[in-house]
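A closer look at the structure
Residue strings, one per chain:
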Amino acid sequence: MRVLALGDVIVETLYSPAVREIARDVEMVISCGDLPSPYLEYIVTLLDKPLYYVMGNHGARGGARERPEGCINLDGQTVNHNGVLLAGLEGSIRYNDAPRYQYTEREMRNKARRLALQLWVNRLRYGRYLDVLVTHSPPFGIHDGSDPAHRGFKSFLNFIDRYHPDYMLHGHVHLYDNRAPRQAVRGHTLIINVYGYKLLDLKTIR
Ligand SMILES: [Zn+2]
């Protein structure tokens, strides 16, 4: 299944009718956060495909309304989209005293635990917990930064090791250098920093 994944920065060619050509054959759009609502609404309108999102740590950018209309919030949820099992965890590590969409390690661990029941239901119903974990933040030690705002979550490592999704898509870490790594593997999971955009052909690895 072809997927358009978005994160962190507006890509001008996607914010134009050319998006129809670039995202031809895409069956769903996934946003990993920190994008203005009008951008996501534009893309969902032109493609006429479902858009699943998590919020980044920057809630409303550019004074726009915070949550994109006509899009589906994945935070704390699992969704079965035509046989692809998605789950989402929004936000970043807490790094200041205005913690909107910021979570301590402990808070994120609890958010992940609250997903467990839905993941177990998936496992009973479909034989696996999930296919794609969608987050804003990277896991600790993978694509993350050493500064307090860009440190990843250790609880995401535990999540990957316990539920082994095929993919983890995240944003939050800006790539200014084309040579910077944007993919990593841990166990069965391919971890991708979608910064800007990424077209993916989701394959079930198992
Ligand atoms: Zn961010």
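This text goes with the structure placed above it.
Residues numbered from 1 in each chain as written. Predicted model: local features only at pLDDT ≥ 70, side-chain atom pairs only at ≥ 80, totals over all residues. Heavy atoms only, no water.

Turning our eyes to something else, we now look at the pairing of strand 10 (residues 167-170). With burial as the criterion, each face of strand 10 is covered, one bearing Tyr-167 and Leu-169 and the other bearing Met-168 and His-170. In this fold, the crossover linking strand 9 (residues 132-135) to strand 10 by way of helix 4 (residues 154-163) has right-handed handedness. As defined by bridge partners, strand 10 adjoins strand 12 (residues 189-193) across 4 bridges and the pair is classed as parallel. Pairing of Leu-169 across the sheet is with Ile-192, part of strand 12. (Buried < 20%, exposed > 50% of the residue type's maximum accessible area, 1.4 Å probe, protein only. Helix = DSSP H or I, 4+ residues; strand = E, 2+ residues; numbered from the N terminus. Right-handed = clockwise from strand over helix to strand, strands pointing away. Pairing = 2+ DSSP bridges.)

Bound to the zinc ion are the protein donor atoms Asp-34 (OD), Asn-57 (OD1), His-136 (NE2) and His-172 (ND1), situated 2.1 to 2.2 Å from the metal. One can describe the site at the zinc ion as irregular: its 4 donor atoms subtend angles covering 89 to 165° at the metal. (Donors = N, O, S within 2.8 Å, 3.2 Å for Na, K, Ca; no water. Tetrahedral: all angles 85-135°; square planar, octahedral: opposite > 155°, others 65-115°.)

On to helix 3 (residues 105-126), then. Quick reminder: α-helices carry 3.6 residues per turn. Residues three or four places apart thus point the same way. If you check helix 3, its first and last C-alpha atoms are 30 Å apart, about what 22 residues at 1.5 Å a residue would give, namely 32 Å. In helix 3, a bend of some 35° at Ala-116 exceeds every other bend along the element. For helix 3, the set of buried residues is Glu-105, Met-108, Lys-111, Ala-112, Leu-115, Ala-116, Leu-119 and Asn-122. On its buried face, helix 3 is in contact with strand 5 (78-81), strand 6 (84-89), strand 7 (92-93), strand 8 (102-103) and helix 4. Of the residues flanking the end of helix 3, it is Gly-127, one or two places downstream, whose phi is positive at about 85°. (Expected span 1.5 Å × (residues − 1). Bend = angle between axes of the 7 residues up to and from the residue. Contact = heavy atoms within 4.5 Å.)

Any functional reading would require information beyond the geometric quantities listed.
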